[in-house]
Amino acid sequence: MAQTFKVIGTRPIRHDGLDKVTGRALYGADINLSGMLHGRVLRSPYAHAHIRKIDFSKALALPGVEAVMTSADLPEPGNRIAELGEGAVNLRHLSCNILAREKALYKGHAVAAIAATSPHIAEEALALIKVDYEPLPPVTDVRAAMKDGAPILLPDLVTDSLAGDESAKKPTNIAKHFQFKLGDPVGAFGQCAVVIERSFTTATVHQGYIEPHNAMALFNPDGNVTIWCSTQGAFTVRAQVAELLQIPVSKIKVIPMEIGGGFGGKIRVYLEPVAAVLSRKTGKPVKVLMSRADVFEGTGPTPGSFIRVKMGADKAGRLVAAEAYLAYEAGAYPGSPVGPGAMCIFACYDIPNVQIDGYDVVVNKPATAAYRAPGATNAAFASETVVDEICEKLKIDPLEFRLKNGAKEGTRRADGPTYPRIGMIETVQAAKNHPHYKSPLTPFSREPAASAGGIHPALAVGSRLNESGGGLPRGRGVASGFWFNVGLKSSCSASVNADGTVSLVEGSTDIGGTRASVAMQLAEALGIRAEDVRPVVGDTDSVGYTDVTGGSRVTYATGIAAYEAAQDIKGQMIARAAKLWGTKPDDVLYEGEILKSKSDKSKRMTFAEMAAAIHQKGGTIIGRASVDPPWPAGAFATHIVDVEVDPDTGKVNILRYTAVQDCGRAIHPSYVEGQIQGGVVQGIGWALNEEYKYNDKGEMTNASFLDYRMPTSLDLPMIDPVIVEVPDPNHPYGVRGVGEVPIVPPPAAIANAIHNAVGVRLTELPMNPGRVVKALLGAIKK
C-alpha cells in the first residue's frame, strides 16, 4: 500500500531563504572579532622542490607582524592512520599538506604563514620570507608517474598491493593497487559476438564553489579553541584539528558558518590549524582567507585519470564480460577516489564476469579531494561510451540495451555487494517513455545507434550544413550513472515550544537545502506543518556527533535521526497526555497531529494544544536521536542529451537535456530538481570545457575563473529533471541520496551525442573545440 503524506512531496519556502536573499546570512569571511589579526599563507613557486631553509627574520621585523608559522609549529604526527570523517587518513600526509616539511610537492603548496594587524601588512610580510629551495623535476601525468625512473615524490612510499607483488617493496609513486573480480572474464570474452576495448583520459577538474576557503580561530589561555569556518563537517574539522595539534576534542569548538558551495572540496582542513596555531602564538583571534588562485593551486580538485575498458556482449545483446583498468591521480599524497570509481564503473549493469584493477598514483598536483560522486564520473565516461559503441555494432537501441542488461534487485557488483530494491530499470524506462527520446532530431542527424559509423555528410564536403539549408549536424546521446551513497552517523535534538512549534538542532551543515528536507521529515512524523519546525545547524558543543555532509547522506541519515527524534517526542507526548487525562499511555492514540483517548472520545487535543498544556505542567519535551543507519542501496540516473556540433570550429552546443533519476522519495521536489540540474551543469562543464592546464614546470596556467572555463546560463538550455521514486527499504520514507548521481552521466552522454552527430568518438575530457576539430580531421584523413 502506497504511503500518503502531509508534508513530504510539498514545496514549502526554505527556512533560511530570507537570510540568504537579503544578505543577512553569515559566511566564514563575515566573522570579525575585536583585536583580530589577519593571516596569510606563503606558497611554493615550484611544483617539486626540497626545502632547505626558511628565513623569516625580515618578515618578523616588519611593524605590524605579530607571528610567523612553519611546519615546525605542528607536532610530528608520524605515519599514523586515523578515521577523520573522510575515510582513513595518514596524519603525516595531512600535516604536510597543511604546511610542507622536507619537500614542496606542488606549486601552491603551503610553506609558511603570517599573522599581522592588517591583510596588507601580512601580504607585504610574505614577500620578506626567504625560502631556500632545491628544485626537482615534477611529474604531473598519471601514466608518466607510474613509469620506472619517474621522479619519486615520497621516498618512503611503497605500493599497498596484491599479495606476492615483489615490486611493491621499492619506492614508487603507485600508492595502491587493488583488484575486484567476479566470474571468469578472460574465458568469457571468447563467448562474445562483439568486444570493444578503448582507452580514456580525463583532466583534473575543480569543484567550482564560489566561496573561497576561510577560517577564524580564537585560542584562549585556558587551552580551549573556538574555530569559525565554512565547512562540510564541523565534527570532521574538530577531529582533524585535534589530531594535527594533538589536543583533546573536548578543547575544540567548531562553529560552522554558512557555506558558499563545497561539493566535496570543503571536508579536509587547510586553514583551520594555521589560524589556531597563530592565535595560540599571539593570544588574539586570527582570520585566514584564501584568494581564488590559492583555492585553485592549494586545495583539492578531483583527479585526472587514465582508464582502459573492455566489454563484450553476445549476439542477443547480453553483456557477458567486462574488464577495467583505472589509474587515478591522487595529487601529492595518496588518497584518490579510484576505489569509488572501481565500485561504480560497471554498477549499472548485470555482468556475470568482471575484473577491475585500480591504481592510486601520486603526482605533483594538489592532493585530490572529493567532488560530487568522486571517481564515478571518470569511470562512467569510459564504460558508458563503450556501451554505446557496443549498441552501435549490434544495431540495438541504447535504452533497450540497458533494459536488457540493467542492474536490478539481486544483481551482484564485482566489488561484492548484492543489490536490494533499486531503480536502475525504472530510470531507463522513464527515459525511453519521455517525449525527449521520442521526438525526432534534424533530418541530417543519424538516429541513435542506427548507423554503422562514418563521417557526417557535412564533413565529407568540408562545408557547414546550414550553407546548404540544413543547419549544423545534431546528435542525441544517452548514458546512465550510479552512486552508492552512504549512511554514517547523525544526531539531532528537537524541543517542543509552548506555541506548538518545534526547534530542531541538527549537526549536518547545509549545502543543499537539508535544513528544509530534514525539518520536513520531522514535521511529517509529528503531523505538523513544515513551517512549524525551526531548524538550525548546531556547533560541535550543541549537538551530538554528526559525520560529514557528503556522500548524499544528509537527507537520508540525518532525516532518519529527525524521524527518530520525532518518535521520541511522540512517546513523551503520549505519556504526558495520559498523565493529564488520568489514564494509561496505552489508552492514548497519536494520529496526524491529534492526540486522543481510546476510551473517552471527549479527550482530544491537537499537537499545539498539548504543547501549551505541557509547558504549564511538567516542562519542555525534548526529542533526541543519534543514529548510524545501514548504508542505502544506492541511486541511479539515465540522461538524454541533444547537441549541435560546428565542424569548422569544434564548438558543441547543448540543445536539450533530460535527466531521469531515482530519488527514492522526493522530500522537497524543488530541491531534488535543483540538485539534479546543478549536477548536470557541472557534468556539462566537465565534459566540454573544464580542466587544470599545466605547463612543463608543473605550474597551473589557468588559476582563475577568467581562464578556468565553467558553463554559465548562456551556455545551457533548461535542464529537464524527471523524478522517479523507487523507495529505499532502509529509510522510513524511502529516501535515497540525490546530490551526486546527476554529475555522473553527462560526459558520456555528450560524447555519445557528438558521435551521433558527426561520427567520431572522443575519448579525452574535456571535449573542447580543439579536441573535436582534431578528432574530425583525424577521421577525414582515415
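Numbering of residues starts from 1 in every chain and runs along the sequence as written. Predicted model: local features are reported for residues with pLDDT of at least 70 only, side-chain atom pairs are reported and counted for 80 or more only, and whole-chain, interface and lining totals are derived from all residues. Each side-chain value is worked out from all heavy atoms of the structure, with water and hydrogens disregarded.

A. Broad picture of the overall build of the protein. Every helix listed is a DSSP run of H or I at least four residues long, and every strand listed is a run of E at least two residues long, numbered separately from the N terminus. Across its full length, the protein carries 21 helices and 28 strands. With the radius of gyration taken over C-alpha atoms, the globule rule is written as 2.2 Å times the number of residues to the power 0.38. Whereas a compact globule of 782 residues would reach a radius of gyration of roughly 28 Å, the protein reaches 28 Å, a difference of no more than 12%. Along the first, second and third principal axes, the C-alpha atoms of the protein reach 85 × 75 × 60 Å. Only protein chains enter the accessibility calculation, which uses a 1.4 Å probe; a residue is then buried when its area is under 20% of its type maximum, exposed when over 50%, and partly exposed in between. Per-residue burial for the protein yields a buried fraction of 61% across its 782 residues. The centroid of the 81 positive side-chain charges in the protein is displaced by 1 Å from the centroid of its 81 negative side-chain charges. Note on charges: Lys and Arg go in the positive column, Asp and Glu in the negative column, and His and the chain ends are not counted at all. Where a charge lies is defined by one atom per residue type, namely NZ (Lys), CZ (Arg), CG (Asp) and CD (Glu).

B. Examining the pairing of strand S1 (residues 37–43) more closely. Of all the seven residues making up S1, seven are buried; the element is thus mostly covered by neighbouring parts of the structure. On S1, burial covers both faces: Leu37, Gly39, Val41 and Arg43 on one face and His38, Arg40 and Leu42 on the other are all buried. Pairing of S1 with strand S14 (residues 286–289) involves three bridges; the strand directions are parallel. When the sheet's bridge partners are listed, leucine 37 is paired in S14 with valine 286. Pairing of S1 with strand S7 (residues 110–116), which is carried by six bridges, proceeds in the antiparallel orientation. Strands were regarded as paired on the criterion that DSSP finds at least two bridges between them.

C. How the structure looks around the pairing of S7. Most of S7 sits out of view: seven of its seven residues are buried. Two elements, strand S3 (residues 65–69) and S7, share four bridges in a ladder whose sense is antiparallel. Across the sheet, the residue bridging to valine 65 is alanine 116, located in S7.

D. A look at the sheet that holds strand S13 (residues 252–256). On the basis of which strands lie adjacent, the open sheet formed by seven strands has the order S3-S7-S1-S14-S11-S12-S13 and mixed pairing. The two strands at the open ends of the sheet, each matched to only one other strand, are S3 and S13. Strand-to-strand twist of the sheet, defined as the mean angle between neighbouring strand axes without regard to direction, takes the value 20 degrees. It only takes one pair of heavy atoms within 4.5 Å for two residues to be counted as in contact. Helix axes use the C-alpha atoms of the stretch in contact, all axes being lines fitted to C-alpha atoms, and the angles between their N-to-C directions lie in the range 0 to 180 degrees. Contacts from helix H4 (residues 119–126) reach S1, S3 and S7 within the one sheet, and its direction differs from that of S1 by about 25 degrees.

E. Representation of the sheet that holds strand S27 (residues 652–662) in the model. Spatially, S18-S26-S27-S28 is the arrangement adopted by the four strands of the open sheet, whose pairing is mixed. What marks the edges here is a single partner per strand, and that holds for strand S18 (474–483) and strand S28 (719–724). Taken pair by pair, the neighbouring strands of this sheet meet at an average axis angle of 15 degrees, ignoring direction. When strand S26 (residues 635–645) meets S27, the two strands line up antiparallel, connected through nine bridges. Its bridge partner being in S27, glutamate 644 is matched across the sheet by asparagine 653. Against the sheet, helix H19 (residues 669–688) touches S26, S27 and S28, its axis set at about 125 degrees to S28.

F. Expanded view of the nonpolar core. Ranked by size, the top nonpolar core spans 107 residues in total, and within it Met311, Leu326, Phe346, Ile356, Ile750 and Met767 carry the most contacts. Top element by residues in this core is helix H11 (residues 376–394). It accounts for nine residues. Residue contacts for isoleucine 356: discarding those within four places in its chain leaves Phe178, Gln179, Phe180, Ala324, Leu326, Ala342, Ile345, Phe346 and Ala414. What makes a nonpolar core is a set of buried Ala, Val, Leu, Ile, Met, Phe, Trp, Tyr and Cys residues whose side-chain atoms join them at distances within 4.5 Å. Ranked by size, the runner-up nonpolar core spans 46 residues in total, among them Tyr556, Ala566, Met605 and Ile621.

G. Fine view of the pattern of salt bridges. Salt bridge, as used here: a side-chain nitrogen of Lys or Arg that lies within 4 Å of a carboxyl oxygen of Asp or Glu. Overall, the coordinates contain 44 salt bridges when judged by the stated rule. The partner of arginine 515 in a salt bridge is glutamate 258, with the nearest N and O atoms 2.8 Å apart. A residue pair is termed long-range when its members are at least 10 positions apart, and arginine 515 in helix H16 (residues 514–526) and glutamate 258 in the loop between S13 and helix H8 (272–282) qualify at 257 residues. For lysine 596, the salt bridge is made with glutamate 591, and the minimal N-O distance between the two is 2.8 Å. For lysine 596, a relative accessible area of 24% gives the class partly exposed. You can call glutamate 591 partly exposed: its relative accessible area is 40%. Each of Arg14, Asp16, Lys20, Glu258, Asp510 and Arg515 takes part in a single network of salt bridges with overlapping partners.

H. Spatial organisation of unusual backbone geometry. For the bond running from leucine 765 to proline 766, omega is 0 degrees, close enough to zero to count as cis. Along the chain, the position of proline 766 falls in the loop between helix H20 (746–758) and helix H21 (769–781). In the Ramachandran plot, lysine 395 falls in the positive-phi region, its phi being about 55 degrees despite a non-glycine side chain. Topologically, lysine 395 is positioned in the loop between H11 and helix H12 (398–405). Judged by relative accessible area, lysine 395 falls into the exposed class, the value being 53%. Phi is positive for serine 552, close to 55 degrees, though the residue is something other than glycine.

I. Just the confidence of the model for the protein, in detail. Averaged over all residues, the pLDDT of the protein equals 94, while 95% of them reach at least 70. For residues 445–454, every residue scores under 50 in pLDDT, and the model assigns this stretch 27 contacts once sequence neighbours within four places are set aside. pLDDT is a residue-level measure of predictor confidence that goes from 0 to 100. With pLDDT under 50 throughout, residues 460–469 is counted as low confidence; its partners more than four residues away or in other chains account for 14 contacts.

J. Local environment of the packing of H16 against helix H17 (residues 554–581). For the pair H16 and H17, the least separation of the axes is 8 Å and the interaxial angle reads 30 degrees. Remark: the crossing between H16 and H17 carries right-handed chirality. Listed contacts from H17 to Thr514, Ser517, Val518, Gln521, Leu522, Ala525 and Leu526 of H16 are Val554, Thr555, Thr558, Gly559, Ile560, Ala562, Tyr563, Ala565, Ala566, Gln567, Ile569 and Lys570. Charged means Asp, Glu, Lys or Arg here, nonpolar means Ala, Val, Leu, Ile, Met, Phe, Trp, Tyr, Cys or Pro, and polar covers whatever is left, Gly included. Along the lines of polarity and charge, the residues of the contact of H16 with H17 split into 11 nonpolar, seven polar and one charged. Helix crossings get a hand from a simple test, with the near helix turned counterclockwise from the far one by less than a right angle marking a left-handed crossing and a clockwise turn marking a right-handed one.

K. Quick peek at the packing of H11 against H12. Running from amino to carboxyl end, H11 crosses H12 at an angle of 110 degrees, the nearest separation of the two axes being 9 Å. Taken together, H11 and H12 sit at an angle that is classed as roughly perpendicular. On H12, the residues that touch Glu384, Val387, Asp388, Ile390 and Cys391 of H11 are Pro398, Phe401 and Arg402. Residue composition of the contact of H11 with H12, by class: five nonpolar, no polar and three charged. Roughly parallel here means an angle under 35 degrees, roughly antiparallel means over 145, roughly perpendicular means 65 to 115, and every remaining angle is called oblique.

L. Representation of the side chain of glutamine 682 within the structure. Looking at where glutamine 682 falls in the secondary structure, it is placed in helix H19. Those residues within four positions of glutamine 682 in sequence are excluded, and the remaining contacts are Gln207, Phe263, Tyr371, Arg372, Glu690 and Ile743.

M. Spotlight on the environment of glycine 335. By the secondary structure assignment, glycine 335 is in the loop between strand S16 (319–331) and helix H10 (338–344). The sequence separation of glycine 335 and alanine 575 amounts to 240 residues, and the corresponding C-alpha distance is 51 Å. The contact partners of glycine 335, leaving out residues within four places of it in the chain, are Ala330, Asp360 and Thr368.

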